[in-house]
Amino acid sequence: MFKDNTLENDVILITGGGSGLGLSMAKKFVDLGADIAICGRTEEKLKNATEKLADFGTNVRWYQVDVRDYEKVGEMIRQIVADFRKMTGLVNNAAGNFLSTSEDLSPGGFKTVVDIVLHGSFNCTHHFGNYLIDSESDGNILNIVTTYAEDAGSAFVLPSACGKAGVLAMTRSLAFEWAEYGIRLNAIAPGPFPTEGAWTRLFPDEKFEQQYLNKIPAGRYGEHEELANLAAFLMSDMAPYITGECVTIDGGEKLSGGQFNFIDGMMDRQKLKGMFKMMKEKGKSEK
Ligand code: HXC
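None of these values were measured; they are calculated from a predicted model.

## Comments concerning the packing of aromatic side chains
The relation between two aromatic rings is expressed through the spacing of the ring centres and the mutual angle of the planes. In total, this model carries six aromatic pairs according to the counting rule given. With a centroid separation of 5.2 Å and an interplanar angle of 85 degrees, the aromatic rings of W199 and Y221 are classed as edge-to-face. Separated by 22 residues along the polypeptide, W199 in helix α6 (residues 196-202) and Y221 in the loop between α7 (206-213) and α8 (224-235) bring together distant segments of the chain. Side by side, W199 and Y221 carry an identical accessibility label, which is buried. Relative to F208, the ring of F203 lies with its centre 6.0 Å away and its plane at 85 degrees, an arrangement referred to as edge-to-face. F203 sits in the buried class, given a relative accessible area of 11%. Just above the ring of F84 sits the side chain of R61; from NZ or CZ to the centre is 5.9 Å. Between the NZ or CZ atom of K215 and the centre of the ring of Y212, over which it lies, the distance is 4.7 Å.

## Looking at the layout of surface pockets
Considering only enclosed or pocket space, the second largest pocket measures out at about 410 Å³ in volume. D10, D138, G139, N140 and D237 are, among the 23 residues lining the second largest pocket, the residues nearest its centre. Elements represented by at least two residues in the lining of the second largest pocket include exactly α4 (107-134) and β5 (139-144). Looking at the lining of the second largest pocket, its residues break down into seven nonpolar, 10 polar and six charged.

## Some details on the pattern of salt bridges
A full pass over the atoms with the stated rule returns 11 salt bridges. The partner of D115 in a salt bridge is K111, and the shortest N-O contact between them spans 2.6 Å. Here D115 and its partner K111 are both found in helix α4, four residues apart, which amounts to about one turn of the helix. The class of D115 is buried, set by a relative accessible area of 16%. Across the pair K215 and E253 runs a salt bridge whose closest N-O atoms are separated by 2.6 Å. Linking K215 in the loop between α7 and α8 with E253 in the loop between β7 (246-249) and α9 (269-285), this pair joins segments that are 38 residues apart in sequence. Here the salt bridges share partners, and the residues they tie into one network are E150, R172 and K254.

## A short note on the nonpolar core
Ranked by size, the top nonpolar core spans 30 residues in total, and within it I12, F29, I36, V91 and I188 carry the most contacts. Elements with a minimum of two residues in this core: β1 (11-15), α1 (20-31), β2 (35-40), α2 (43-54), β5 and α8. If we skip the residues at most four places from it in the chain, I12 touches L7, F29, A34, D35, I36, A37, T88, G89, L90, V91 and M235. Ranked by size, the runner-up nonpolar core spans 28 residues in total, among them C39, V65, L132 and W178.

Rules used throughout
- Every chain begins its residue count from 1, and numbering advances along the sequence as written.
- Under the rules for a predicted model, residues below a pLDDT of 70 receive no local features and side-chain atom pairs below 80 are neither given nor counted, while totals for whole chains, interfaces and linings still include all residues.
- Values shown for side chains rest on all heavy atoms present in the structure; no hydrogens or waters enter the calculation.
- Note on ring pairs: Phe, Tyr and Trp rings are taken, using the six-membered ring of Trp, and paired if centres are within 6.5 Å. Classes follow the plane angle, with under 30 degrees stacked, over 60 edge-to-face and the rest tilted.
- Under the scheme used here, helices are H or I runs from DSSP no shorter than 4 residues and strands are E runs no shorter than 2 residues, and both carry numbers assigned from the N terminus.
- Buried, partly exposed and exposed residues are distinguished by accessible area as a fraction of the type maximum, computed with a 1.4 Å probe on protein chains only: under 20%, between the cut-offs, and over 50%, respectively.
- Distance and angle both matter: a charge sits over a ring if NZ of Lys or CZ of Arg is within 6 Å of the ring centre and within 35 degrees of the ring normal.
- A pocket, in this scheme, is an open set of points on a 1 Å grid over the protein atoms alone with protein on both sides within 12 Å along at least 5 of 7 lines, while a cavity is a set where a 1.4 Å probe fits but cannot get out; residues line either one if an atom lies within 4 Å of a point.
- Grid points are joined across faces, edges and corners, and a volume is the space filled by probe spheres set on the points.
- We call Asp, Glu, Lys and Arg charged. Ala, Val, Leu, Ile, Met, Phe, Trp, Tyr, Cys and Pro are nonpolar, and the rest, Gly among them, are polar.
- We define a salt bridge as a contact between a side-chain nitrogen of Lys or Arg and a carboxyl oxygen of Asp or Glu at a distance within 4 Å.
- Side-chain atoms within 4.5 Å are what join buried Ala, Val, Leu, Ile, Met, Phe, Trp, Tyr and Cys residues into a set we call a nonpolar core.
- We call two residues in contact whenever any of their non-hydrogen atoms come within 4.5 Å of each other.

So, in structure tokens, the structure goes:
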């Protein structure tokens, strides 16, 4: 699908790019020729990731920055432009999350997650957007949200649900407002993709994990490569007319709310067929 040089003219910042899905996207982007900046809070993670990414032969640099700090984010964007001579793309991937009953949340817990997810994405987007506008350059912003950012929200992850819903609103609002500057904004809503960050905080044990798996029609978790391919497509010149879109990649998990979907878990397919046949025959005999 992609040529090796699909992203060769790009300089892309990935927040939280030192691990998890951020690092997987970074690997895909360098493989397609992009120069990459990654940022995060932990120096060691960033250094290790940069070493791995350097194998692909493009320019890769790391910046130790907490996305919650508006001024520091501004300094980082200016430094990236100085280091790489330009910046063409931003992936707002850094996130925080934990399971909690909402009545027991502390104000600090709520604020921390919303600060990372929503304010962090705003801080990066605002500085990068202004750079693009001032330099009269086109650019691309990709926001990693979740399936519960839209529609239903989700119990037990209230700060994340509120933060991600805000990021999705930002994606669509700015896609319209900044289209005249040649800036595209899109989002990806991933279902469950195993990462250490999410798994240790959101999946307490194997039983819990199995329960979760049962609600995914595809019967498996997502593979990082699958999400990275989608991200590369949206960040590339292959998608110039797509903006303000949120693409779900979840093996059908989001569809589990269908009114009669619960029947699927009640019995196996043969029994189900038998039951439906019986109902049909009963319906006929009552005519
Ligand atoms: C309740 C908690 C908590 C927990 C922290 N807090 N963990 N409250 N339950 N498990 C509260 C603390 O009491 C404190 O509030 C406040 O949050 C800040 O805590 P710190 O530990 O000081 O914050 P910090 O070190 O900055 O950690 C941030 C974090 C942490 C968000 C809490 O989880 C983190 O660093 N996460 C980064 C990686 C991550 O979460 N990845 C998963 C993203 S997955 P008080 O009031 O006491 O000061 C994702 C997609 C979901 O988003 C979809 C998956 C299917």
